[in-house]
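Residue strings, one per chain:
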Amino acid sequence: LRLWEHSKEGRDVLWAQFSNDILFAFNTFFWAYDPHPELRSLGLKSSDKDRPIITHPYQDQTILEINRAIEVGEHLFIDKSRDMLATYMVLLTFLWRWMTKKGETFRIGSWKEEFVDRKGIIDTLFEKLRYNIARLPLSFLPRSFNADKHSTYMRLLNPENGSSMIGEATNA
């Protein structure tokens, strides 16, 4: 992947693959912050809390189902348990669509506003999005994207395609 950095053609190929294949995006460019430093599956310790997302087949199925439900306008129930990345699967599907689809709006909420957005607090939903945006290749970011202007409190705007993510809470 490092070769793309020096080649416009390489960047274009990667962007085309990213924008046309959500599972490629997840498995190549998206990350999860893991506050538990154990590598559970291997029983090893790691001080690295930044983990690339490598999906399992059940996660692939869930990601594709989330994306399909958005496409057709259906509600979707996801039975969630800890450490299955359900929150990341939903948020990063939103992020992928925010980057690749025109004029889409996503409402991102929780029962308390403090869980929706607090800059620098990775436990919040918007900070998980910012965490991933910061790890994307610069060439993937929307043209004219300025984090200070387009990633404000409970709001993420794509100046190139008009898509947005808006935060809300039931206690506001």
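Here, every reference points to the structure presented above.
Computed from a prediction, not measured in an experiment: that's the story for all the values here.

Asker: What am I meant to see in the nonpolar core here?
Answerer: Generally speaking, a soluble globular protein has its nonpolar side chains buried in company with each other. Core analysis: the biggest nonpolar cluster contains 37 residues, and Phe18, Phe30, Leu95 and Met165 have the highest contact counts within it. Mapped onto this core, the elements with two or more residues apiece are helix 1 (8–20), helix 2 (22–29), helix 3 (57–72), helix 4 (86–100), strand 5 (105–110), helix 6 (125–133) and strand 8 (164–169). Examining the composition of this core, we find that ten residues originate from one element, helix 4, more than from any other. In this view, phenylalanine 18 contacts Phe24, Ala25, Phe29, Phe30, Trp96, Met99, Thr100, Leu136 and Phe140; residues no more than four positions away in its chain are not counted.

Asker: Would you take a moment to explain the pattern of salt bridges for this structure?
Answerer: Pairing is possible between side chains of opposite charge, provided their charged atoms come close. Using the criterion set out here, one finds ten salt bridges in the structure. Residue arginine 97 is joined to glutamate 71 by a salt bridge in which the shortest nitrogen-to-oxygen separation is 2.7 Å. Taken together, the residues arginine 97 in helix 4 and glutamate 71 in helix 3 connect sequence positions 26 residues apart. The exposure class assigned to arginine 97 is buried, which follows from its relative accessible area of 2%. What you see here is one network of salt bridges that share partners, running through Glu65, Arg68 and Glu74.

Asker: Quick question: what am I supposed to make of unusual backbone geometry here?
Answerer: A negative phi angle is the norm for most residues apart from glycine, just as the trans form is the norm for most peptide bonds. Although it is not a glycine, leucine 85 sits at a positive phi angle of roughly 70 degrees. The residue leucine 85 is located in the loop between helix 3 and helix 4 in this model. A relative accessible area of 27% places leucine 85 in the partly exposed class. A positive phi is found at methionine 154, a non-glycine position, where the angle reads about 55 degrees. The topology assignment puts methionine 154 in the loop between strand 6 (151–152) and strand 7 (155–157).

Asker: Help me understand the environment of proline 52 in this model?
Answerer: Here proline 52 is to be found in strand 4 (residues 50–52). By relative accessible area, which is 46% here, proline 52 ends up partly exposed. Sequence separation of proline 52 and tryptophan 31 is 21 residues, and the distance between their C-alpha atoms is 4.4 Å. Leave out the neighbours within four places in its chain, and proline 52 touches Phe30 and Trp31.

Asker: Help me understand the packing of helix 1 against helix 4, please; the structure alone is not making it clear to me.
Answerer: For any two helices packed against each other, the geometry is given by the interaxial angle and the distance between the axes. Where helix 1 meets helix 4, the axes come as close as 10 Å, and the angle between the chain directions of the two elements is 125 degrees. Considering the angle they form, helix 1 stands oblique to helix 4. Seen from above, helix 1 lies across helix 4 with left-handed handedness. Contacts from Trp15, Phe18, Ser19 and Asn20 in helix 1 reach Trp96, Met99 and Thr100 in helix 4.

What counts, and at which threshold
- Throughout this description, residue numbers start from 1 for each chain and increase along the sequence as written.
- Whole-chain, interface and lining totals are the exception, using all residues; otherwise, since this is a predicted model, local features are given only for residues with pLDDT of at least 70 and side-chain atom pairs are given and counted only at 80 or more.
- By convention in this description, side-chain values take in all heavy atoms of the structure and omit both hydrogens and water.
- Grouping buried Ala, Val, Leu, Ile, Met, Phe, Trp, Tyr and Cys residues that are joined through side-chain atoms within 4.5 Å yields what is termed a nonpolar core.
- A 1.4 Å probe rolled over the protein chains alone gives each residue an accessible area, and that area as a share of the maximum for its type sets the label: buried under 20%, exposed over 50%, partly exposed in between.
- Under the scheme used here, helices are H or I runs from DSSP no shorter than 4 residues and strands are E runs no shorter than 2 residues, and both carry numbers assigned from the N terminus.
- Contact between two residues is taken to exist if any of their heavy atoms lie within 4.5 Å; hydrogens are not considered.
- By definition, a salt bridge exists where a carboxyl oxygen of Asp or Glu is found within 4 Å of a side-chain nitrogen of Lys or Arg.
- Here the axes come from fitting lines to C-alpha atoms, over the contacting stretch only for helices, and the angles between their N-to-C directions go from 0 to 180 degrees.
- In these notes the angle categories are as follows: under 35 degrees is roughly parallel, over 145 is roughly antiparallel, 65 to 115 is roughly perpendicular, and the rest is oblique.
- When the near helix sits turned anticlockwise from the far one by under a right angle, the crossing is termed left-handed; a clockwise turn instead gives a right-handed crossing.

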